[in-house]
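Here's the letter readout for the chains.
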Amino acid sequence: MAKIKVREITITAKPQSIVYGSSIATGTGQVTISTSPYGLVSGHSLNSISLAASTSNVTTSGKITPSSAVIKDGSSNTVTGNYNITYTQGN
């Protein structure tokens, strides 16, 4: 029986500018997924992602850290285990 090799992807938080007193935007539209060399398998999509700001203070050096991605196939089955995910912070 052939072993399925996990696919390497990188999920990167997009940079955001917010006004004082606001929170960062969240959701799958606030990240990018690497397409090189492969990206997600056709029919798979990012279903959810967690994003956390490094500070609630006014700063130009704050970081947004993505984590806990959930990837699903076209039948809504969770296939996150088929991926080795590297998370990259955004500003």
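First, a word on what this report is: a plain description of the structure on this page.

**Some words on the overall build of the protein**
Next up, step 1: Looking only at helices and strands, the protein features 0 helices and 5 strands.
Next up, step 2: Seen in sequence order, the protein has helices and strands lined up from the N terminus as β-β-β-β-β.
Next up, step 3: Dimensions of the protein, computed from the C-alpha atoms along their principal axes, are close to 55 × 25 × 15 Å.
Next up, step 4: Per-residue burial for the protein yields a buried fraction of 24% across its 91 residues.

**Overview of the side chain of threonine 80**
Next up, step 1: Looking at the secondary structure, you find threonine 80 in the loop between strand 4 (64-72) and strand 5 (83-88).
Next up, step 2: Among the residues examined, threonine 80 registers a relative accessible area of 17% and is labelled buried.
Next up, step 3: Among the polar contacts made by the side chain of threonine 80, one reaches the main-chain amide nitrogen of isoleucine 71 at a distance of 2.8 Å.
Next up, step 4: Apart from residues no more than four positions distant in its own chain, threonine 80 is found in contact with Ala69, Val70, Ile71 and Ile85.

**Digging into unusual backbone geometry**
Next up, step 1: With an omega of 5°, the peptide bond running from serine 36 to proline 37 counts as cis.
Next up, step 2: Along the chain, the position of proline 37 falls in the loop between strand 2 (31-33) and strand 3 (45-53).
Next up, step 3: Phi at serine 68 is positive, roughly 55°, even though this residue is not glycine.
Next up, step 4: By the element assignment, serine 68 lies in strand 4.
Next up, step 5: Not every positive phi belongs to a glycine, and serine 76 is a case in point at roughly 65°.
Next up, step 6: By secondary structure assignment, the location of serine 76 is in the loop between strand 4 and strand 5.

**A look at the sheet that holds strand 5**
Next up, step 1: Across the sheet, 3 strands lie side by side as 2-1-5; this open sheet has mixed pairing. Each of the sheet's edge strands pairs with one partner strand only, and the pair in question is strand 2 and strand 5. Direction aside, the axes of adjacent strands within the sheet are offset by 25° on average.
Next up, step 2: One ladder, built from 3 bridges, connects strand 1 (residues 7-13) with strand 2; its direction is antiparallel. Each residue of the ladder has a partner; that of alanine 13, found in strand 2, is valine 31.

**Quick look at the environment of serine 56**
Next up, step 1: Along the chain, the position of serine 56 falls in the loop between strand 3 and strand 4.
Next up, step 2: Relative accessible area serves as the criterion here: at 74%, serine 56 is assigned to the exposed category.
Next up, step 3: The spatial distance from the C-alpha of serine 56 to the C-alpha of tyrosine 20 is 9.0 Å, given a sequence separation of 36 residues.

How each quantity is defined
- Residues numbered from 1 in each chain as written.
- Predicted model: local features only at pLDDT ≥ 70, side-chain atom pairs only at ≥ 80, totals over all residues.
- Heavy atoms only, no water.
- Helix = DSSP H or I, 4+ residues; strand = E, 2+ residues; numbered from the N terminus.
- Buried < 20%, exposed > 50% of the residue type's maximum accessible area, 1.4 Å probe, protein only.
- Polar contact = N/O pair within 3.5 Å; in protein donor to acceptor, adjacent residues only side chain to side chain.
- Contact = heavy atoms within 4.5 Å.
- Pairing = 2+ DSSP bridges.
- Axes fitted to C-alpha atoms, helices over the stretch in contact; angles between N-to-C directions.

Don't take any of this as a statement about function, it's just geometry.
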